[in-house]
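Fold and geometry: a report
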Amino acid sequence: MTTEPQSPALDLDLDPDGLAVRREVLGPDHVDAALARADDITGEFQEMITRYAWGHIWTRPGLDRRMRSAITITALVAHGHYAELELHLRAALRNGLTRAEIVEVLLQSAIYCGVPAANSAFAVARRILNEDAS
């Protein structure tokens with residue numbers, strides 16, 4: 001039985017400002033792991049999100065990171081992206097949102113995104129916020 005050799009690490013063209021913000025918001029361990037998993041299928045996606053999401057949007061001066069986190073939480077609840085919500089709840093805490101503010105964002109989301117979506121989001125939040133409290 002033969003195995004295919006692992007591809008060498010990709011030489012990703014990462015926006016330095018986007019990479020810095022991405023590491024500050026999501027944590028360096030998460031970002032470094034995501035980049036280490038990049039391959040010929042996902043490498044361009046990693047470049048794109050680092051450049052556009054983190055480099056062009058998260059670095060804009062119009063909103064602070066707390067507000068961007070609140071908006072991101074709401075969008076993730078609205079679309080049912082609960083794995084990403086977990087990541088961004090931790091980021092929201094890192095960006096200075098309090099537990100009480102996160103609860104308020106989720107309550108607001110319940111009205112505009114739907115109670116079932118908020119119910120699932122509260123289950124994720126309970127786990128993350130209790131993890132942070134211990």
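Residues numbered from 1 in each chain as written. Predicted model: local features only at pLDDT ≥ 70, side-chain atom pairs only at ≥ 80, totals over all residues. Heavy atoms only, no water.

1. Observations regarding the overall build of the protein
Spelled out, the test is: We count a stretch as a helix when DSSP gives it H or I for four or more residues in a row; a strand needs E for two or more, and each element gets its number in order from the N terminus. Using a 1.4 Å probe on the protein chains alone, a residue whose accessible area is under 20% of its type maximum counts as buried, one over 50% counts as exposed, and one in between counts as partly exposed. For this analysis, residues touch if any pair of their heavy atoms sits within 4.5 Å. By the counting rule applied here, Lys and Arg register as positive and Asp and Glu as negative, while His and the ends of each chain are not counted. Working definition for charges: the position is that of NZ of Lys, CZ of Arg, CG of Asp or CD of Glu.
Tallying secondary structure elements over the protein gives 7 helices and 0 strands in all. If you list the helices and strands of the protein from N to C, you get α-α-α-α-α-α-α. Dimensions of the protein, computed from C-alpha atoms along their principal axes, come out at roughly 50 × 45 × 30 Å. For the protein, with 134 residues in total, the buried portion stands at 37%. Long-range pairs, those at least 24 residues apart, make up 68% of the contacts in the protein with a sequence separation of at least 6. Side-chain charges in the protein split into 13 positive and 19 negative, and the spacing between the mean points of these groups amounts to 8 Å.

2. Here we look at the pattern of salt bridges
The cut-off we apply is this: A carboxyl oxygen of Asp or Glu within 4 Å of a side-chain nitrogen of Lys or Arg is what we treat as a salt bridge.
Applying the stated criterion to the full structure yields 7 salt bridges. In this structure, aspartate 32 and arginine 23 form a salt bridge, with 2.5 Å as the shortest nitrogen-oxygen distance. The class of aspartate 32 is partly exposed, set by a relative accessible area of 35%. Where salt bridges share partners, they join Glu86, Arg90, Arg127 and Glu131 into one cluster.

3. Quick look at the packing of helix 4 (residues 65-79) against helix 6 (residues 99-113)
Put simply, the rule is: Angles shown run from 0 to 180 degrees and are taken between the N-to-C directions of axes, each axis being a line fitted to C-alpha atoms and, for helices, limited to the stretch in contact. Angles are sorted into four bins: roughly parallel if under 35 degrees, roughly antiparallel if over 145, roughly perpendicular if 65 to 115, and oblique for all others. By definition, turning the near helix anticlockwise from the far helix through less than a right angle yields a left-handed crossing, and turning it clockwise yields a right-handed one.
For the pair helix 4 and helix 6, the least separation of the axes is 9 Å and the interaxial angle reads 40°. Classified by the angle between their axes, helix 4 and helix 6 sit oblique to one another. Viewed along their axes, helix 4 and helix 6 form a crossing whose handedness is right-handed. For the pair helix 4 and helix 6, the contacting residues are Arg66, Ala70, Ile73, Thr74, Val77 and Ala78 in the first and Glu101, Val105, Leu106, Ser109 and Cys113 in the second.

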